[in-house]
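Residues per chain are reported as follows:
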Amino acid sequence: MFRISPCFVTVSLVWVAATLAFPIRALPSERESAAHGTGVASKESLPPSASVSTAGAAVMTGDELRFLALVNRERAARHLSELKPDPLLVRVAREHSREMCEKNYFDHFSPTLGGRTPMDRYLRAVRARPAHACVGENLFYCSIVDVERGHRALMHSPEHRANILYAPFRRSGIGIYKSDKGEFWVTEMFLTTEG
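Residues numbered from 1 in each chain as written. Predicted model: local features only at pLDDT ≥ 70, side-chain atom pairs only at ≥ 80, totals over all residues. Heavy atoms only, no water.

Draft legend 1. Here's a closer look at the overall build of the chain. Regarding its fold elements, the chain presents seven helices and eight strands. Classification of the 195 residues of the chain by burial places 47% in the buried group. For the chain, the accessible area works out to roughly 9800 Å², and carbon and sulfur atoms hold 58% of it. (Helix = DSSP H or I, 4+ residues; strand = E, 2+ residues; numbered from the N terminus. Buried < 20%, exposed > 50% of the residue type's maximum accessible area, 1.4 Å probe, protein only. Areas by Shrake-Rupley, 256 points an atom, 1.4 Å probe, with all protein chains shown as cover.)

Draft legend 2. Structural context of the environment of Thr117. Of note, Thr117 is situated in the loop between helix H4 (87-102) and helix H5 (118-125). On the basis of relative accessibility, which here comes to 17%, the residue Thr117 falls in the buried class. For Thr117 and Val135, which are 18 residues apart along the polypeptide, the C-alpha to C-alpha distance reads 10.0 Å. Polar side-chain contacts of Thr117 include one of 3.0 Å to the backbone nitrogen of Asp120. (Polar contact = N/O pair within 3.5 Å; in protein donor to acceptor, adjacent residues only side chain to side chain.)

Draft legend 3. Layout of the nonpolar core. Of all hydrophobic cores here, the largest spans 21 residues; its most connected members are Phe67, Ile164, Ile174, Phe184 and Val186. Put simply, the parts of the chain that give this core at least two residues each are helix H3 (62-77), strand E6 (132-142), helix H6 (147-156), strand E7 (171-178) and strand E8 (184-192). Looking at this core, the element that brings in the most residues is H3, giving four residues. Apart from the residues within four sequence positions on either side, Val186 is in contact with Phe67, Ser97, Asn138, Leu139, Phe140, Ile174, Gly175 and Ile176. (Core = buried A, V, L, I, M, F, W, Y, C linked by side-chain atoms within 4.5 Å. Contact = heavy atoms within 4.5 Å.)

Draft legend 4. Fine view of the packing of aromatic side chains. Scanning the entire structure with this criterion turns up seven aromatic pairs. Plain terms: the ring middles of Phe106 and Tyr141 are 6.5 Å apart, the flat faces sit at 65° to each other, and that makes the pair edge-to-face. Remark: Tyr141 occurs in strand E6 and Phe106 occurs in the loop between H4 and H5; sequence separation between them is 35 residues. The exposure class of Phe106 is partly exposed, given its relative accessible area of 27%. With 6.4 Å between their ring centres and 55° between their planes, Phe106 and Trp185 make a pair best called tilted. (Phe/Tyr/Trp six-rings, centres within 6.5 Å; stacked < 30°, edge-to-face > 60°.)

Draft legend 5. Structural view of the pairing of E6. Across the 11 residues of E6, 11 count as buried, placing the element largely inside the fold. Residues His132, Cys134, Gly136, Asn138, Phe140 and Cys142 of E6 are buried on one face, and the alternating residues Ala133, Val135, Glu137, Leu139 and Tyr141, pointing to the opposite face, are buried as well. Strand direction decides the pairing type here: E6 and E8, joined by nine bridges, are antiparallel. Paired with Phe140 across the bridge in E8 is Val186. (Pairing = 2+ DSSP bridges.)

Draft legend 6. Structural view of the pairing of E8. Counted residue by residue, E8 has nine buried out of nine residues, so it is predominantly covered. If you look at the hairpin formed by E7 and E8, you'll find five residues sitting between the two strands, and Gly182 has a positive phi there, around 90°.

Draft legend 7. Inspection of the pattern of salt bridges at higher detail. Tallied over the entire structure, the rule returns 11 salt bridges. With a closest N to O distance of 3.0 Å, Glu82 and Lys84 form a salt bridge. For Glu82, a relative accessible area of 45% corresponds to the partly exposed category. Since its relative accessible area comes to 43%, Lys84 is described here as partly exposed. Of the charged contacts in the structure, one is a salt bridge between Asp86 and Arg171, with a shortest N-O distance of 2.7 Å. A residue pair is termed long-range when its members are at least 10 positions apart, and Asp86 in the loop between strand E5 (84-85) and H4 and Arg171 in strand E7 qualify at 85 residues. Residue Arg171 is classed as partly exposed on the basis of its relative accessible area, which comes to 27%. (Salt bridge = Lys/Arg side-chain N within 4 Å of Asp/Glu carboxyl O.)

Draft legend 8. Just unusual backbone geometry, in detail. For His79, which is not glycine, the phi torsion reads 60° and is therefore positive. In this structure, His79 sits in the loop between H3 and E5. Even without being glycine, Asn104 reaches a positive phi, approximately 55°. Position of Asn104 among the secondary structure elements: in the loop between H4 and H5. On the accessibility criterion, Asn104 (66% relative accessible area) is exposed.

Pasting the structure below:
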């Protein structure tokens, strides 16, 4: 007998990467009040299975690193640049995964004011707003923890695959939240600040 596990991926997000790829300018007062740190998680805030990435200062769990490795394998097979882990994106992605679980929704659009879209969440967390930013986001949910299944589901969706293989992206943050019931919430964020 086998167990049927409901798993979901979001409908589309290419348009987020496309429509949010616009120049952004910070007002002087926004620069002064921008906060929330660098996004580097301390080892104490991670589950016991956490490990440290050797690429940069990103602290990621084993499952998060596995998602990033699978993404980079797809990109390498197509001669695209490797995505570097970004500590700030990891933190933002984890917060969104946790919020979706706690507020019982599955969407790129959050009910939380000031963080409704992936771009909103990124800009709220960044210290200094770049002159240009393009943000993409993929979401995956499953009733069991299964990294490979999640990656396959995203690659089988044309819109999510397009985010994974979007050539201009340079950085990524994978954020996973596992509920007490064993549910698996995954947010993959992608970023380029090159104009």
